[in-house]
Amino acid sequence: MADRPIRVLFVCLGNICRSPLAEGVFRQKVEELGLLERFEIDSAGTGSWHVGQQADARMRSTAKRRGVNLDELRGRQVGRDDLHGFDHVFVMDSNNLHDTLYLDPEGDHSTRVRLFREFDPDPDDYQVPDPYYGGPDGFDHVFDIVERTSKAILERFREIYGL
Ligand code: 4NP
């Protein structure tokens with residue numbers, strides 16, 4: 001395929017719960033459609049605490065139980081280069097939006113940065129809740145949100161890009 005890949009980045013705070021899950025779920029859906037070579041998919045955190053670390057064990061175990069393996073992913077911090085390198089940047093909440101747009105003070109790339117749940121058919125308050133300090137139910141709740149929103153985003157991409 002001659003087309004260059006569609007580059008998609010998911011961003012949260014720590015890059016150990018929400019955004020690695022979105023990366024893993026979205027990649028799996030792309031793979032199921034045989035479209036993996038059309039995409040470059042990654043995730044990052046606005047914070048640097050978990051750089052180089054595996055996703056949170058609770059998130060990995062919820063994802064694995066529901067059929068998605070996150071074991072290979074490692075945390076990294078989002079940077080200025082990501083804003084012009086990626087075609088689509090999906091952030092998990094309004095704090096992530098603020099912190100990501102802070103990297104782009106001229107607003108050159110701001111139209112590519114969107115709240116993930118703008119594409120959720122049942123968007124509630126448009127925030128993917130941070131499960132890090134909560135109980136185990138929070139991880140399943142986040143999985144539900146990420147699953148249906150990733151599906152909706154991929155459907156939108158198939159329309160836009162004619163996939
Ligand atoms: P995430 O969750 O942003 O979904 O990866 C968090 C993980 C770690 C921290 C905060 C949120 N933390 O403060 O270390």
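Here the structure is a predicted model, which is why all the values come from computation and not from measurement.

Visitor: Just checking my understanding: could you explain unusual backbone geometry for this structure?
Guide: Glycine aside, the phi torsion of most residues is negative, and most peptide linkages are trans. The phi angle at asparagine 15 is positive, at roughly 60°, despite the residue not being glycine. Inspection of the secondary structure puts asparagine 15 in the loop between strand E1 (6–12) and helix H1 (18–32). Notably, tyrosine 126 is not glycine yet its phi reads approximately 70°, a positive angle. Mapped onto the elements, tyrosine 126 comes out in the loop between strand E4 (113–115) and helix H5 (137–161). Given the relative accessible area of 37%, tyrosine 126 is considered partly exposed.

Visitor: Would you mind showing me how to read the site of the ligand here?
Guide: Near the ligand, the surroundings consist of Cys12, Leu13, Gly14, Asn15, Ile16, Cys17, Arg18, His50, Asp130, Tyr132 and Tyr133. Separating an oxygen atom of the ligand from a backbone N or O atom of cysteine 17 is a distance of 2.9 Å. One of the side-chain nitrogen or oxygen atoms of arginine 18 is found 2.7 Å away from an oxygen atom of the ligand. Protein burial of the ligand: of its 350 Å² of free accessible surface, 93% is covered by the chains. Grouping the amino acids of the shell around the ligand by side-chain chemistry returns 6 nonpolar, 3 polar and 2 charged.

Visitor: Mind showing me how you'd approach the packing of helix H2 (residues 57–65) against H5 here?
Guide: Packed helix pairs are characterised by how far apart their axes lie and by the angle those axes make with each other. In contact at an axis separation of 10 Å, H2 and H5 are set at 55° when each is read in the N-to-C sense. It follows that H2 is oblique to H5 by the angle criterion. Crossing hand, H2 versus H5: right-handed. Across the interface between the two elements, Arg58, Met59, Thr62, Ala63 and Arg65 from H2 touch Phe139, Asp140 and Phe143 from H5.

Visitor: I would appreciate a short explanation of the side chain of aspartate 71 in the present structure.
Guide: Within the secondary structure, aspartate 71 sits in the loop between H2 and helix H3 (80–85). Setting aside residues no more than four positions away along its own chain, aspartate 71 makes contact with Gln54, Arg60 and Lys64.

Visitor: Would you mind showing me how to read the nonpolar core here?
Guide: Nonpolar side chains tend toward joint burial in soluble globular proteins. With 32 residues, the main nonpolar core has Val8, Phe10, Leu21, Phe26, Phe39, Phe90 and Phe116 as its most contacted residues. Breaking this core down by element, the ones donating at least two residues are E1, H1, strand E2 (39–45), H2 and H5. Residue contributions to this core peak at 8 residues, all from H5. Val11, Val78, Val91 and Val113 belong to the second-largest nonpolar core, a separate cluster that totals 11 residues.

The rules behind these values
Residues numbered from 1 in each chain as written. Predicted model: local features only at pLDDT ≥ 70, side-chain atom pairs only at ≥ 80, totals over all residues. Heavy atoms only, no water. Helix = DSSP H or I, 4+ residues; strand = E, 2+ residues; numbered from the N terminus. Buried < 20%, exposed > 50% of the residue type's maximum accessible area, 1.4 Å probe, protein only. Near = heavy atom within 4 Å. Polar contact = N/O pair within 3.5 Å; in protein donor to acceptor, adjacent residues only side chain to side chain. Areas by Shrake-Rupley, 256 points an atom, 1.4 Å probe, with all protein chains shown as cover. Nonpolar A, V, L, I, M, F, W, Y, C, P; charged D, E, K, R; others polar. Axes fitted to C-alpha atoms, helices over the stretch in contact; angles between N-to-C directions. Parallel < 35°, antiparallel > 145°, perpendicular 65-115°, else oblique. Left-handed = near helix turned anticlockwise from the far one by under 90°. Contact = heavy atoms within 4.5 Å. Core = buried A, V, L, I, M, F, W, Y, C linked by side-chain atoms within 4.5 Å.

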